[in-house]
Amino acid sequence: MADIKWVKISTDIFDNRKIKHLRRLPKGNDIALMWVMLLVMAGRCNKDGTVFLTESVPYNQKMLADELGFEEETVALAMKTFKQLNMITY
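Residues numbered from 1 in each chain as written. Predicted model: local features only at pLDDT ≥ 70, side-chain atom pairs only at ≥ 80, totals over all residues. Heavy atoms only, no water.

Let's talk about the overall build of the protein
Thought 1: Across its full length, the protein carries four helices and two strands.
Thought 2: Beginning at the N terminus, the succession of helices and strands in the protein can be written as α-α-β-β-α-α.
Thought 3: Against the 2.2 N^0.38 benchmark of 12 Å for 90 residues, the protein shows a C-alpha radius of gyration of 13 Å, consistent with a compact globule.
Thought 4: Its C-alpha atoms give the protein principal-axis dimensions of about 35 × 30 × 20 Å.
Thought 5: Expressed as a percentage of the 90 residues in the protein, the buried residues total 30%.
Thought 6: The contacts of the protein with a sequence gap of at least 6 include a subset with a gap of at least 24, amounting to 53%.
Thought 7: Carbon and sulfur atoms provide 53% of the accessible area of the protein, an area that totals close to 6,400 Å².
Thought 8: Charge-centre separation for the protein: the mean point of 13 positive side chains lies 8 Å from the mean point of 11 negative side chains. (Helix = DSSP H or I, 4+ residues; strand = E, 2+ residues; numbered from the N terminus. Rg over C-alpha atoms; globule rule 2.2 N^0.38 Å. Buried < 20%, exposed > 50% of the residue type's maximum accessible area, 1.4 Å probe, protein only. Contact = heavy atoms within 4.5 Å. Areas by Shrake-Rupley, 256 points an atom, 1.4 Å probe, with all protein chains shown as cover. Lys, Arg positive; Asp, Glu negative; His and termini not counted. Charge placed at Lys NZ, Arg CZ, Asp CG, Glu CD.)

Points about unusual backbone geometry
Thought 1: Phi at asparagine 46 is positive, roughly 50 degrees, even though this residue is not glycine.
Thought 2: Assignment of secondary structure puts asparagine 46 in the loop between α2 (28–45) and β1 (52–54).
Thought 3: Judged by its relative accessible area of 26%, asparagine 46 is partly exposed.
Thought 4: The phi torsion at aspartate 48 lies on the positive side, around 55 degrees, for a residue other than glycine.
Thought 5: Structurally, aspartate 48 can be placed in the loop between α2 and β1.
Thought 6: Overall, aspartate 48 belongs to the exposed group, its relative accessible area being 82%.

Considering the nonpolar core
Thought 1: With 19 residues, the main nonpolar core has Met34, Leu38, Leu64, Leu68, Val75, Met79 and Phe82 as its most contacted residues.
Thought 2: For this core, the secondary structure elements donating two or more residues are α1 (17–24), α2, α3 (61–68) and α4 (72–84).
Thought 3: For this core, the leading source of residues is α2, giving five residues.
Thought 4: Apart from the residues within four sequence positions on either side, phenylalanine 82 is in contact with Leu22, Ile31, Trp35, Leu38, Met87 and Ile88. (Core = buried A, V, L, I, M, F, W, Y, C linked by side-chain atoms within 4.5 Å.)

Here we look at a nonpolar patch on the surface
Thought 1: A grouping of Ile4, Val7, Ile9 and Val40 is seen on the molecular surface, where their side chains present a nonpolar patch of about 260 Å² in accessible area.
Thought 2: Examined against the element boundaries, isoleucine 9 turns out to sit in the segment before α1.
Thought 3: For isoleucine 9, a relative accessible area of 34% puts it in the partly exposed group. (Patch = residues over 30% accessible without salt bridge, like charges linked within 9 Å, V, L, I, M, F, W, Y side chains within 5 Å. Salt bridge = Lys/Arg side-chain N within 4 Å of Asp/Glu carboxyl O.)

Considering the packing of α2 against α4
Thought 1: Where α2 contacts α4, the axes come no closer than 10 Å and their chain directions differ by 75 degrees. Taken together, the axis directions place α2 and α4 in an arrangement best described as roughly perpendicular. Contacts between α2 and α4 involve Asp30, Ile31, Met34, Trp35 and Leu38 on the former and, on the latter, Thr74, Val75, Leu77, Ala78, Met79 and Phe82.
Thought 2: Here the residues of the contact of α2 with α4 are counted per class, giving nine nonpolar, one polar and one charged. (Axes fitted to C-alpha atoms, helices over the stretch in contact; angles between N-to-C directions. Parallel < 35°, antiparallel > 145°, perpendicular 65-115°, else oblique. Nonpolar A, V, L, I, M, F, W, Y, C, P; charged D, E, K, R; others polar.)

Set out below in structure tokens:
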């Protein structure tokens, strides 16, 4: 795996319907920020968009909450919402 130092994010990300929807939810700005943080983590892992602590240890919600600095309940809501909007698979 090549060492990735950046990810490309469209300048119109906040015009995206899904991002607009996320931002209207309770804790919506936190959830939208979490999405960007997950994109960066996926770039760092550099393994087809997956996010993991190590290749054999995937993140769980508690680990993500600790890593990203959010309450576990916020992470749970975000993951549920990302899944419903087909933004993630797991």
